[in-house]
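Fold and geometry: a report
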Amino acid sequence: MKHSIRNQHRAEGRQTRKSGGYLVDRLIAYRDLHAHALFSSLGRLVASRFATVMTIVVLAIGISLASGFYILVKNLQQLAGNLESSNQISLFLREEVSDANAKKLAETIKKNSDVLDVKLISKEQALKEFETFSGFGAAVKALDKNPLPIVIQVLPKNSLEDVVVLDNLVEHFKQVPEVDIAQVDTQWVKRLQSIMELARRGVALLSGLLGMGVLFITANTIRLELHDRREEVLIAKLVGATNGFIQRPFLYGGFWLGFFSGVAAWFIVTLTTLILKYPIEKLSGLYDGSFHVVFLGGLETIALLAISAALGMLGSWIVVYFQLRRLKPE
Amino acid sequence: MLQFDKVSMRYPEVGDVLKNISFSLHPGEMAFLTGHSGAGKSTLFKLIAVMERCNRGEIIFAGQNLNKVSNRQIPYVRRNMGLIFQDYKLLQDRTVFDNVALPLVIAGYGHGEISRRVRAALDKVGLLGKEKKYPLLLSGGEQQRVGIARAVVNKPSMILADEPTGNLDPELSKEIMHLFEQFQQVGVTVLIASHDISLIARMNYRVLKLDHGQLIAS
Ligand SMILES: Nc1ncnc2c1ncn2[C@@H]1O[C@H](COP(=O)(O)OP(=O)(O)OP(=O)(O)O)[C@@H](O)[C@H]1O
Ligand SMILES: [Mg+2]
């Protein structure tokens, strides 16, 4: 007993003298150990190329589905945002109202404290717009009389948020004798908003499910690897390895799986967006829209990679945590 | 160094494998553990390496009661013993160097120290120059010596060898026994399980004899 302690002291004493910085030496060794685990786990993935690629493809499809839906909703939101900001009240004037009276009415309305701006569209302007955008130009020309009414577009100060004020405003305009119809399209904007809310929740739910999928696929992959390397794990345990030491390369293995799947998913999503960008913007142009397709941003890309890598690590941690403690040398 | 005090071990499937074993080895002592096949030699080793826990009695290793060692502490206990196995238990996809270096890597030694110690250990077992070979390309005796180098590289206070000469020819067996004697001479406690009676007889050391789980001579 005494002897062994003396032995140990001798060994450590020698080391201290030799390196001068025993602790520094250990710290460097610890860092090397991590670096080694990081790169050896990468090497192992490369060594089993086929299996690795298959796993990563499956994971990447899952992750890209989630982030693809995310970016889709984000684009739709942008579209809805455009529509919301164009929220306005249209006043269709009676046929007998003259241009001069319409102009006077528009000026009166503009003085209203709840109104931000008004825009007068004369019969001729309305007809011209109709000809340009409807494609019924020839048919309109055949008419001997302009059937369109004068329209005053009113942009209220407070947008959709205050529905009561908006409704009051509409009621007020309905009382004006020159006004035939006062119309505000809040209903479908509200519908759109609730659809968007639904879509957002759907994406969150779907992402959660797909995330679970990623978690369990990595867990299973790591479980297989752990099984393959059973012998190695047992030997390491016999020569004094802690669970922490043994699980390190597996955790890094999960990290790499998640990370590379994230990278692959980013490419899938970005490529898909790129392919769809041109036709979508062309379509939007046809409807006089100024819609621009948005891609995954820098922060979103970082989040995508971080979440993927974290899921991979978590997946392998779950397996390693529960299985390693059960793996005992005979 | 090592003390067994009325130790019993029972496997639920087969009943008592070790019965009321008491003995002690003082530091720097070398002893043989012998007995028929199935007598319980390997089981006794497993208890020392805390691969199994005993049902009754106490085992004291290097001043530590092994019954009171928690699972988290087991690795640290094992780092103080050099285990040698009949089937070598080497990593086939690692070089000789990496195999021998494993305990040092685990214990967190730096590159220079590892390289120096591995070379010293390989030199001691006469395998210097084979660091880059893979275990499968080595003979049985050479693999056994790689296992021994791995067991001593961390300078343990005790060596536990379970039939280290099981499938070696007499010449090699003698060589390996001589190696153990050298470790014993520098103060390491050595316990060797073997049923090579003639070899044990030729060497003049203490013999612990197991018979159906009972210690009949020490
Ligand atoms: N994991 C186990 N579970 C149940 N019984 C076991 C287990 N390991 C060993 N035994 C039993 O314990 C008894 C002793 O086995 P042990 O391996 O200690 O013998 P041994 O002396 O090493 O024999 P040998 O010389 O053949 O190696 C045997 O009867 C064996 O069947
Ligand atoms: Mg045995």
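Basis of the calculations
Residues numbered from 1 in each chain as written. Chains lettered and ligands numbered in written order. Predicted model: local features only at pLDDT ≥ 70, side-chain atom pairs only at ≥ 80, totals over all residues. Heavy atoms only, no water. Phe/Tyr/Trp six-rings, centres within 6.5 Å; stacked < 30°, edge-to-face > 60°. Helix = DSSP H or I, 4+ residues; strand = E, 2+ residues; numbered from the N terminus. Buried < 20%, exposed > 50% of the residue type's maximum accessible area, 1.4 Å probe, protein only. Lys NZ or Arg CZ within 6 Å of the ring centre and 35° of its normal. Pairing = 2+ DSSP bridges. Contact = heavy atoms within 4.5 Å. Axes fitted to C-alpha atoms, helices over the stretch in contact; angles between N-to-C directions. Near = heavy atom within 4 Å. Polar contact = N/O pair within 3.5 Å; in protein donor to acceptor, adjacent residues only side chain to side chain. Areas by Shrake-Rupley, 256 points an atom, 1.4 Å probe, with all protein chains shown as cover. Nonpolar A, V, L, I, M, F, W, Y, C, P; charged D, E, K, R; others polar. Buried area = accessible area lost by both parts, 1.4 Å probe. Salt bridge = Lys/Arg side-chain N within 4 Å of Asp/Glu carboxyl O. Parallel < 35°, antiparallel > 145°, perpendicular 65-115°, else oblique. pLDDT = per-residue confidence, 0-100.

**Here's the deal with the packing of aromatic side chains**
This structure, assessed with the given rule, holds ten aromatic pairs over all chains. Seen in terms of ring centroids, F255 of chain A and F259 of chain A are 6.0 Å apart; in terms of plane orientation they differ by 10°. Their pairing is stacked. You can see F255 of chain A and its partner F259 of chain A sitting in helix 10 (residues 243–286), four residues apart, about one turn around the helix. The exposure class assigned to F255 of chain A is partly exposed, which follows from its relative accessible area of 23%. Counting every residue linked through ring pairs, the aromatic cluster contains F255, W256, F259 and F260 of chain A. Its end group placed over the ring of F85 of chain B, K89 of chain B keeps NZ or CZ at 5.5 Å from the ring centre.

**A word on the sheet that holds strand 5 (residues 64–65) of chain B**
All names here are of chain B. As summarised here, the arrangement of the four strands in space is 2-1-4-5, forming an open sheet in which the pairing is antiparallel. The open sheet has two edge strands, strand 2 (15–25) and strand 5, and neither has a second partner. Sheet topology places strand 1 (residues 2–11) next to strand 2; seven bridges connect them, and they run antiparallel. Each residue of the ladder has a partner; that of L2, found in strand 2, is L25. Most of the contacts of helix 1 (residues 41–48) go to strand 1, to which it runs at about 115°, and overall it touches strand 1, strand 2 and strand 4 (56–61).

**Quick look at the environment of P249 of chain A**
Residues and elements named next belong to chain A. Among the structural elements, P249 can be located in helix 10. Each C-alpha atom, one on P249 and one on S40, is 7.3 Å from the other, the two residues being 209 residues apart in sequence. If near-sequence neighbours (up to four positions away) are discounted, P249 is found in contact with A37, S41 and R229.

**Digging into the site of ligand 1**
All names here are of chain B. Lining the immediate environment of ligand 1, one finds 15 residues, of which S37, G38, K41, S42 and T43 sit closest. A39 has a polar backbone atom sitting 3.2 Å from an oxygen atom of ligand 1. Here ligand 1 has 630 Å² of accessible area as a free molecule, and 67% of this is covered by the chains. Sort the elements by how many residues they give to the shell around ligand 1 and helix 1 lands first, with four residues. The residue inventory of the shell around ligand 1, partitioned by class, reads four nonpolar, seven polar and four charged.

**Brief notes about the interface of chain B and chain A**
Taken together, the contacts link 36 residues of chain B with 25 residues of chain A. Between chain B and chain A, roughly 2,800 Å² of surface is buried when both sides are summed, and carbon and sulfur atoms account for 57% of that area. The tally of links from chain B across to chain A stands at one salt bridge. Note that E232 of chain A and R94 of chain B form a salt bridge whose closest N and O atoms lie 2.6 Å from each other. The interface formed by chain B and chain A holds three residue pairs in polar contact (both at pLDDT 80 or more) in total. Counting only elements with at least two residues in the side of chain B that touches chain A, the list comes to helix 2 (74–78), helix 3 (96–107) and helix 4 (111–124) of chain B. Take the side of chain B that touches chain A: its biggest share by element is five residues, from helix 3 of chain B. Classifying every residue of the side of chain B that touches chain A by side-chain character gives 17 nonpolar, eight polar and eleven charged.

**Structural notes on the packing of helix 5 (residues 140–152) of chain B against helix 6 (residues 170–185) of chain B**
If you want to describe how two helices pack, look at the angle between their axes and the distance between the axes. All names here are of chain B. It is the contact of helix 5 with helix 6, at a shortest axis distance of 11 Å, that shows an interaxial angle of 10°. Between helix 5 and helix 6, the angle is such that the two are roughly parallel. Between helix 5 and helix 6, the contacting residues are G141, Q144, R145, I148 and V152 on the first element and L172, E175, I176, L179, F180 and F183 on the second. Looking at the contact of helix 5 with helix 6 residue by residue, the classes come out as seven nonpolar, two polar and two charged.

**Side note on the pairing of strand 7 (residues 158–162) of chain B**
Residue and element names in this part refer to chain B. With five of its five residues buried, strand 7 lies for the most part within the structure. Residues M158, L160 and D162 line one face of strand 7 and the alternating positions I159 and A161 line the opposite face, and both faces are buried. Of the strand pairs in this sheet, strand 6 (residues 81–84) and strand 7 are connected by four bridges, and their pairing is parallel. Among the inter-strand pairings, I84 is bridged to a residue of strand 7, identified as A161.

**Things to note about the confidence of the model for chain B**
Residues of chain B with pLDDT of at least 70 account for 100%, and the chain-wide mean is 92. On the interface metric, ipTM, the complex scores 0.92, and its pTM is 0.75.

**Quick word on the sheet that holds strand 7 of chain B**
All names here are of chain B. Spatial ordering of the open sheet is given by 6-7-8-3-9-10, a layout of six strands whose pairing is mixed. At either end of the open sheet lies a strand with only one pairing partner, and these are strand 6 and strand 10 (214–217). Along the sheet, successive strands turn relative to each other by an average axial angle of 20°, direction set aside. Contacting strand 3 (30–35), strand 6, strand 7, strand 8 (189–193) and strand 9 (206–211), helix 1 crosses the sheet at an angle of about 145° to strand 8.

**Some points on the environment of F260 of chain A**
Residues and elements named next belong to chain A. Mapped onto the fold, F260 is located in helix 10. When the C-alpha positions of F260 and L274 are compared, they lie 21 Å apart, and in sequence the two are 14 residues distant. Residues within four places of F260 in sequence aside, it is in contact with L42 and I56.

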